[in-house]
Amino acid sequence: MAGPEAGSPGCGGRPSAEALGILDRLIAFPSVVTAERYTDIAEYAAELLAGHGAEVHRLPNRTGTRTGLFARVGPAGPGGVLLSAHLDVVPVAGQGWTTDPFRMTERDGKVYGRGTTDMKGYAALALAAAVRASRMELSRPLKLSLSYDEEVGCVGIAEMIGALETTIGRPDHAVIGEPTGLEVAVGHKGKASYRVVCRGEAGHSSDAPRFMNALHLAADVVAILRAEQERLTREGARDEAYGVATSTIHVGTLQGGSALNIVPSEAVLEFEIRHLAGEPPAAILARIEEAASRVVEQARKTHPAAGIEIVPIGAYPGLDADPAGATAKLLQAAGAGAPPIKVSFGTEAGFFQAAGVPSVVCGPGSIDQGHKPDEFIALGQLAAGEAMLERVVASLR
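Because the structure is a prediction, the values reported are computed rather than measured.

1. Considering the packing of aromatic side chains
For step 1, the next point in the chain: Under the defined criterion, the tally for this structure stands at 3 aromatic pairs.
For step 2, the next point in the chain: Centre to centre, the rings of Phe29 and Tyr44 are 5.8 Å apart; their planes meet at 35°, and the pair counts as tilted. Here Phe29 is found in the loop between α1 (17-28) and α2 (40-50), whereas its partner Tyr44 is found in helix α2, with 15 residues between them in sequence.
For step 3, the next point in the chain: When its relative accessible area of 12% is taken as the criterion, Tyr44 is described as buried.
For step 4, the next point in the chain: Measuring from ring centre to ring centre gives 5.1 Å for Tyr194 and Phe271, while their planes differ by 25°; the resulting arrangement is stacked. Of this pair, Tyr194 sits in strand β9 (residues 190-199) while Phe271 sits in strand β13 (residues 266-275), and the two are 77 residues apart along the sequence. Of the two residues, Tyr194 and Phe271, neither departs from the other in class, the shared state being buried.
For step 5, the next point in the chain: Here the basic side chain of Arg107 rests over the ring of Tyr112, its NZ or CZ set 4.5 Å away from the ring centre.
For step 6, the next point in the chain: Over the ring of Tyr242 we find Lys189; its NZ or CZ atom is 5.6 Å from the centre of that ring.

Laid out in structure tokens, this is it:
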């Protein structure tokens, strides 16, 4: 069998010049999730796709400071394969980079830059695949989803997913390209995050017992969360495919008080529930809320102003796909690793699955390389990922 032509996917362990050129452009956009505005990166992708005949639907957020895209190459209507990526990246502030994080740098078989692994590398491969597909006669469509604000809890896709059927139509398969080393991931936990506001009474610390210390209430909430974690460990659902087999609860922040000699009137903590797909967080939260209400009831016997309010911040669903399903088999036939795995980090896959789209997670690179200074992805991983997507596109002909 003849080898690949120069510049084609997989040639010499390098992705095509086209894919690298797109990645170079994507990295140059500082689409940091905390930025006040980043729409230019989506506009670049939209113009690239439209310039090759794709049907492109821009999906701005409510404030117009973010833009997502749904796009289609090939015949209109439902069906086909959707490649899903997010265009936002985590901040670089405070990290000790030795290269410019917003300039692609190639060295020793790797390319460096913010988002190379998570996940502009896959986004570049998806865009290159769409460009390549535009030159073919497809019997089924290739579709793309490019979202925003994934890094703060899959905010973008949650706002975009309702437009899927009315724009490009529901696909038969979705491939979310988060970094899995090109192994097929069929499961991950969901996440629900909350802010807890504890209210007490301000007063001089010399008379502290006369006032309700909001930090004491917050400490009670932390104790409730730890007790629920212990209950989940003992009695909760289990899935040994994960490094931590149970659903988990984590307290990430706690603030309160302004001076040592003032009884704090307010304290705020944030916690998250990382839950197995088969153990939705509603029942877990209900037990936490019930225990918190008992704390407040007791506190109000002597301090009527005491209060605990639990406010949702964000959530995304878990993924529990069929490891022997058609979507996993499609990727494995295209060169992805087998057998299927499960991953500890969250993705947008659960939103597509909840919308009736069989979904898996499969992309180049390692999650261990993301979110760090000098983030990189190996050229060989990009080349193998591009070759995999080339085979996926070929299956649509």
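From this point, the narrative continues.
2. Here we look at the nonpolar core
Proteins that are soluble and globular tend to have nonpolar side chains buried together.
For step 1, the next point in the chain: Leu83, Leu127, Leu142, Leu331 and Phe352 are the most contacted members of the largest nonpolar core, which has 85 residues in total.
For step 2, the next point in the chain: With 11 residues, the single largest contributor to this core is helix α3 (residues 120-133).
For step 3, the next point in the chain: Not counting residues up to four positions away in its chain, the partners in contact with Leu331 are Val175, Val184, Ala336, Val360, Cys362 and Met388.
For step 4, the next point in the chain: Formed by 28 residues, the second largest nonpolar core is a distinct cluster that contains Tyr194, Met212, Ile224 and Ile284.

3. Looking at the pattern of salt bridges
For step 1, the next point in the chain: Inspection of every chain in the model, using the stated rule, returns 21 salt bridges.
For step 2, the next point in the chain: A salt bridge links Arg274 to Glu272; its shortest N-O distance comes to 2.9 Å.
For step 3, the next point in the chain: Using a relative accessible area of 23% as the deciding quantity, one classes Arg274 as partly exposed.
For step 4, the next point in the chain: With its nearest N and O atoms 3.5 Å apart, the salt bridge here joins Arg294 to Glu290. Remark: Glu290 and Arg294 occur in helix α7 (residues 281-299); sequence separation between them is 4 residues, near one turn of the helix.
For step 5, the next point in the chain: You can call Arg294 partly exposed: its relative accessible area is 48%.

4. Some remarks on the side chain of Arg66
For step 1, the next point in the chain: Within the secondary structure, Arg66 is located in the loop between β1 (55-60) and β2 (67-73).
For step 2, the next point in the chain: A polar contact is formed between the side chain of Arg66 and the backbone oxygen of Val33, at a distance of 3.1 Å.
For step 3, the next point in the chain: Leaving out residues up to four positions away in the same chain, Arg66 has contacts with Val33, Ala35, Glu36, Arg37, Tyr38, Thr39, Leu59, Pro60, Asn61, Tyr148 and Asp149.

Definitions and limits used
- Residues numbered from 1 in each chain as written.
- Predicted model: local features only at pLDDT ≥ 70, side-chain atom pairs only at ≥ 80, totals over all residues.
- Heavy atoms only, no water.
- Phe/Tyr/Trp six-rings, centres within 6.5 Å; stacked < 30°, edge-to-face > 60°.
- Helix = DSSP H or I, 4+ residues; strand = E, 2+ residues; numbered from the N terminus.
- Buried < 20%, exposed > 50% of the residue type's maximum accessible area, 1.4 Å probe, protein only.
- Lys NZ or Arg CZ within 6 Å of the ring centre and 35° of its normal.
- Core = buried A, V, L, I, M, F, W, Y, C linked by side-chain atoms within 4.5 Å.
- Contact = heavy atoms within 4.5 Å.
- Salt bridge = Lys/Arg side-chain N within 4 Å of Asp/Glu carboxyl O.
- Polar contact = N/O pair within 3.5 Å; in protein donor to acceptor, adjacent residues only side chain to side chain.

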